[in-house]
Every structure is written in structure tokens, then in C-alpha cells.
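Observations on the model geometry
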Amino acid sequence: PERMVRRTKEEAQQTRNALLDAAELVFERRGVSSTSLQEVAEAAGLTRGAVYWHFRDKADLFNAMMDRAVLPFERQWLEPADDDVTDPMGRLRELMFDILRQVAVDARLQRVFAISTQKVEYVGELDAIRERHLRVYHQALLRIEALLRQAAAAGRLAGGVSPKTTARALHALVDGLIANWMLDPRAFDLRRVGRSAVLQMLRGLAARA
């Protein structure tokens, strides 16, 4: 019986992953608002009932798709680490470099970011998607601001630099670079240009030795 339960769980997970794979492809092709759950089910070779067994509605499916692709990175990027305080500016630099690097190399990350920035309208049933977006945005701001406050406490930030305002500017820099690159990945090298832009901005914020 234990083996049967395990097999049933594995099959349920496979079905769930097949639906998330299909959602990525259909959302990317048709946009989220224009896609029906029936189309996602058909693309996965499953019934509409299978979709509702695993997901409450389209927003739940979308958020699960985002979580599968991005959650491991969100934990890595957004949760404070024990050694943040030893070199907060170094940690901030590496954090921003890592985000740019992962987006540049990870096709699934690129796909879900493209869907979440170019293929979704925050209206009606999809308002729950906006809630997730805002939650992650605020978490990112808090993480950056905390590192900047630690840098200021250690005398590493230039006088008059506001951690709160600067956190928004740094977030906008990385967010904007990714958004522009995803519109035309051939226009520039995300990692090279991104690293240079981040370094220039952080140099401008650093206290003079």
C-alpha cells in the first residue's frame, strides 16, 4: 500500500508538472487573458477536470507556474543571510550580478519573466497575479534596503544617501535592464552591460576612502 501511495503521489506530481509546462507554452504564445484552462489541458493532453483538480483557477495556475520557476531563486536572493553584515555592499553587488546571470542563462526563467511582464493584464480573475508581483517586489526592496542600511552603519555609504530611495533605484536598474533585454536579447549582452551598470551605480553610492 505504501508503494501504491507513493506511485499515486508521483503520478499526481507528473500531471501537475505537465500542466505547468503546458501553461508556460500556451501563456507565452497566446497571452494569459486570452488562454482558457481548456487550452492548457489540451496542450498537456489532459482533461479540464485535471486542471481543476490541481488549481483553483487561472491565477492559481499562473502563480504556481511562477513559483516553480522562480521560488528557489527568490529564496536565494531575497532571504537575509547570516554574513550579510560582514560585507553588505559586496553582497548587494553579487546579488544583482547573480540575478542578471541567472536570467541570461535560464530559459524557463526567461519564459516566465516574459509572460509576467509582457503577456498578462491585472484585471478580473487575474488580480491575484498582481498581488504576487507586489509581494515579491516589496520583499526585494526590503532586502536591498536592509543591505544598504548595514552598509551605512559600517560607514560604507556616501553621506546623504537614502537607503529607501536607493533601494528603489537599484531595483529599477536591474528590473529595467532585464525588461529591455527581453524585448530584444540581441540588442546587448545582459550580463556584461548589467554588471557594468551595477558597478557604476554602486561606486557612486560608496563612501570615499
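Details of the structure are given in the entry above.
Residues numbered from 1 in each chain as written. Predicted model: local features only at pLDDT ≥ 70, side-chain atom pairs only at ≥ 80, totals over all residues. Heavy atoms only, no water.

1. Description of the packing of aromatic side chains
- Scanning all chains against the criterion turns up 2 aromatic pairs.
- Measuring from ring centre to ring centre gives 5.3 Å for phenylalanine 73 and tryptophan 77, while their planes differ by 20°; the resulting arrangement is stacked. Here tryptophan 77 and phenylalanine 73 lie together in helix α4 (residues 58-78), a separation of 4 residues that amounts to about one turn. The same class applies to phenylalanine 73 and to tryptophan 77, which are both buried.
- Over the aromatic face of phenylalanine 97 sits the side chain of arginine 195, whose NZ or CZ is 4.0 Å from the ring centroid. (Phe/Tyr/Trp six-rings, centres within 6.5 Å; stacked < 30°, edge-to-face > 60°. Helix = DSSP H or I, 4+ residues; strand = E, 2+ residues; numbered from the N terminus. Buried < 20%, exposed > 50% of the residue type's maximum accessible area, 1.4 Å probe, protein only. Lys NZ or Arg CZ within 6 Å of the ring centre and 35° of its normal.)

2. Thoughts on α4
- Spanning 21 residues, α4 covers only 26 Å between terminal C-alpha atoms, well under the ideal 30 Å at 1.5 Å per step.
- At valine 70, α4 shows its largest kink, close to 55°, and the proline proline 72 lies no more than four residues downstream.
- Across the 21 residues that make up α4, a large majority, 15, are buried.
- Where α4 begins, the side chain of aspartate 57 points an oxygen toward the backbone nitrogen of alanine 59, at a separation of 3.3 Å. (Expected span 1.5 Å × (residues − 1). Bend = angle between axes of the 7 residues up to and from the residue. Polar contact = N/O pair within 3.5 Å; in protein donor to acceptor, adjacent residues only side chain to side chain.)

3. Brief notes about the nonpolar core
- By size, the foremost hydrophobic cluster in this structure holds 57 residues, and its most contacted members are Phe113 and Ile178.
- Listing elements by their share of this core, those giving two or more residues are α1 (2-30), α2 (37-44), α4, α5 (88-105), α6 (107-118), α7 (127-153), α8 (163-183) and α9 (190-205).
- Among the elements that line this core, the one with the most residues is α4, at 11 residues.
- When residues no more than four places from it in sequence are discounted, the contact partners of phenylalanine 113 are Met66, Val70, Val103, Ile178 and Met182. (Core = buried A, V, L, I, M, F, W, Y, C linked by side-chain atoms within 4.5 Å. Contact = heavy atoms within 4.5 Å.)

4. Some words on the layout of surface pockets
- Counted as a void, the largest pocket has a volume near 670 Å³.
- Lining the largest pocket are 29 residues, with Phe113, Val136, Ala140, His171 and Asp175 positioned closest to its centre.
- For the lining of the largest pocket, the secondary-structure elements that each account for two or more residues are α4, α5, α6, α7 and α8.
- Of the residues that constitute the lining of the largest pocket, the class distribution is 20 nonpolar, 4 polar and 5 charged. (1 Å grid on protein atoms, 1.4 Å probe; cavity = no way out; pocket = protein on both sides within 12 Å on 5 of 7 lines; lining within 4 Å. Points joined across faces, edges and corners; volume = space filled by probe spheres on them. Nonpolar A, V, L, I, M, F, W, Y, C, P; charged D, E, K, R; others polar.)

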